[in-house]
Amino acid sequence: MAKIEVSPGIYWIGVNDRTTDLFEGLWPITQEGVSYNAYVIADEKKVLIDMAKDLKGDALLDQIAEVVDPASLDYIVINHMEPDHTGVVRTMRRIAPQVQFLCTKRAKSMLENYYRITDGIHVVKHGEVLNLGSHQLKFYITPMVHWPETMMTLETTGGVLFSCDAFGGYGALQGAIFDEDYEDLSFYEREALRYYANIVALFPKAVLKAIDKLADAPIKVVAPSHGLVWRKDPQRIVNLYTKWAKCALGELEPGVTLLYATMYGNTEKMVEAVAHGVARAGVPVDVFDVRHTHVSYILPSVYTRRGVLIGAPTYEGELFPPMAHVLDMILRKRIQGRDVAYFGSYGWSGGARREIATLVEKLQWHLFQSWEFLGGASADKLVQAEELGYRFAQSLK
Ligand code: FEO
C-alpha cells in the first residue's frame, strides 16, 4: 500500500507480511498475515517511528521514500527492540549514518547486543519531550509491553499514540488501515485477541500500568505497529486490552472452553454429550479438537473464559500427548484460576486422571470433577457425560 496520512504531516508507511508462516517462529499466521506498521513524521526534523522485519527491508525503504528521502532522516524512534520492528536497523544506519536512535536505556544495550550499534543513540526519559518543528513527541516508558525495554511515543499536536505491540493484533491489513474504513471489525478484533493471548498476556499488570500512565494523554489516534490504526474510536482497542488484561485478575466470561482429543472416538462421543449439557445450561462453549488445532487459536478462549472442560484418553499410562502439550502451553502462559473438569476413556489401567490432578495443582485451577471411564461410551455413560456438562456449566453462573 502507498503512504497514508494519519494526521497532518504524519504518515503510515507500513508493510504487510503474508509470507511468514509462524510469528516468533511459533504462532501461525499463514492465513491471517501480519502488518509491520511504521510511520514517518515529515517536519523540520524528519522522524521514522519503528521499522519492520528484515524480510521486508526493501519494501519499507520504498514506503519511507514516498514521504522523505531515507538518507535525510534525523531520528528513528525505537519503541521496541523485537526484530519484527528492528530487523532493518543496521540498513537504516548505513543509509542514514547521521540518524539518532531514540529509545530507552534498556533498548540501548539491546542495540549493541543484537546489532552491534553503540553510537548515535539518545536514551529518552519518561515524559521527555522532543520538538520537531510543528510536531512534538512525548515518550512514555512502558516496560513489559511487550519486552522490558518497551516504550510508547505520543505525537502531542495530532494526539497520535505510537504504541508498537500494545493495542496491536495479527492480521495483514486488508486494503485499508483505519478502523473507520471497515464496517465489520470482527477479523481485526479476533486477531487482536489472539495476538494478545499469544504475545502479551503474560504481562497483564504491565499492560494495565501502561494504560494507567496514558490516562492523561490526549490520544486521538492509536497507531500500533501491528494491525489496525484506531482513529474513529481509539478507546475501543484500549478498552479491549484493558478487558483482556483484567481476565488475568479474575474478571472472566462465564463460558467454557472444551478441549478434547480422541484416539478411536470413545472420548469424542462423550464430548458431544458434555457439550450438549453445557449448552442446555445456557452457557456458551467453544469446542477444540487439540489434535488439529494449534494452541495459538485455543489460548484466546482459555484466557477469557472461566471454565475449562478436558476430554482426553489415557495413552501408555499417561494423558494423551496432544492434550498434554496444550496444557503445558497453558501452564507456560500462567493462565491460572480457572474451573476445570476432566473426562476420558482408558483401556486397562488409566493414568490420565493422575496427570490432570498434578497439572491442575500447578495451574492453581479448581477441579470440579475428574472422571476416567473404562472402554467405550455406553448409553449410561453418555447420560452421565451430559449431566457433567450441565452441572459444570451451572457452577460457573
Ligand atoms: Fe511486534 Fe514484541 O514485537
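The numbering scheme is per chain: residues are counted from 1 as the chain's sequence reads. Where totals are concerned, whole chains, interfaces and linings use all residues; where local detail is concerned, this predicted model gives features only for residues with pLDDT of at least 70, and gives and counts side-chain atom pairs only at 80 or more. By convention in this description, side-chain values take in all heavy atoms of the structure and omit both hydrogens and water.

Draft legend 1. Inspection of the pairing of strand β16 (residues 221-224) at higher detail. Residue alternation in β16 divides its side chains into two sets, Val221 and Ala223 and Val222 and Pro224, and both sets are buried. Here a strand pair is declared whenever DSSP counts at least two bridges between the two strands. Each helix is a run of DSSP H or I of at least 4 residues and each strand a run of E of at least 2, with the numbering of both proceeding from the N terminus. Of the pairings in the sheet, the one linking strand β15 (residues 160-164) to β16 comprises four bridges and is parallel in character. Along β16, the bridge assignment pairs cysteine 164 with proline 224. Type-normalised accessible area, obtained with a 1.4 Å probe on protein chains alone, sets the label of each residue: buried when under 20%, exposed when over 50%, and partly exposed for intermediate values.

Draft legend 2. Quick look at the domain arrangement of the protein chain. These domain boundaries are the output of an automatic or database domain assignment. Domain boundaries in the protein chain define domain 1 (4-247) and domain 2 (253-396). Area buried by domain 1 at its contact with domain 2 is led by Trp27, Leu202 and Cys247, which between them contribute 37% of it. Each reported salt bridge corresponds to a side-chain nitrogen of Lys or Arg within 4 Å of a carboxyl oxygen of Asp or Glu. On inspection of domain 1 and its partner domain 2, the count reaches zero salt bridges. Looking at the side of domain 1 that touches domain 2, the elements that each hand over two or more residues are β5 (27-28), α5 (186-200) and α7 (234-247). Note on terms: buried area is the combined drop in 1.4 Å-probe accessible area of two parts once they are placed together, counting the loss on both.

Draft legend 3. Spatial organisation of the nonpolar core. Only buried residues count toward a nonpolar core. Its members are Ala, Val, Leu, Ile, Met, Phe, Trp, Tyr and Cys residues joined through side-chain atoms within 4.5 Å. Val6, Leu48, Leu111, Phe167, Tyr241, Leu259 and Ile330 are the most contacted members of the largest nonpolar core, which totals 126 residues. Here this core takes nine residues from α5, the largest share from any one element. For this core, the two domains that each supply at least three residues are domain 1 (4-247) and domain 2 (253-396). The contact criterion used is simple: two residues touch if any of their non-hydrogen atoms lie within 4.5 Å. Those residues in contact with leucine 259 that sit more than four places away from it in its chain are Phe288, Val290, Ile298, Val308, Leu309, Ile310, Gly311, Met323, Val326, Leu327 and Ile330. Leu258, Val283, Ala377 and Leu388 belong to the second-largest nonpolar core, a separate cluster that totals 22 residues.

Draft legend 4. How the structure looks around the sheet that holds strand β9 (residues 75-77). With respect to topology, seven strands assemble into an open sheet ordered β1-β2-β7-β8-β9-β10-β11, the strand pairing being mixed. Each edge of the open sheet is held by one strand with a lone partner, namely β1 (4-7) and β11 (121-123). Across the sheet, the mean angle from the axis of one strand to that of its neighbour is 25 degrees, orientation sign disregarded. Both β1 and strand β2 (residues 10-12) contribute to a ladder of three bridges, which runs antiparallel. Within the sheet, the bridge partner assigned to serine 7 lies in β2 and is isoleucine 10. Here an angle of 0 to 180 degrees is reported between the N-to-C directions of two axes, which are lines fitted to C-alpha atoms, with helices fitted over the stretch in contact.

Draft legend 5. Main features of helix α12 (residues 379-396). The span expected for a helix works out to 1.5 Å for each residue beyond the first. Taking 1.5 Å of rise per residue, 18 residues should cover 26 Å, and α12 covers 26 Å from first to last C-alpha, within 8% of that figure. Residues Lys381, Ala385, Leu388, Gly389, Phe392, Ala393 and Leu396 constitute the buried set of α12. Seen along its axis, α12 keeps its buried residues to an arc of 115 degrees; they face one direction. Seen from the open side of α12, the exposed residues pointing more than 90 degrees away from its buried face are Ala379 and Val383. Along the arc lie the directions from the helix axis toward the C-beta atoms.

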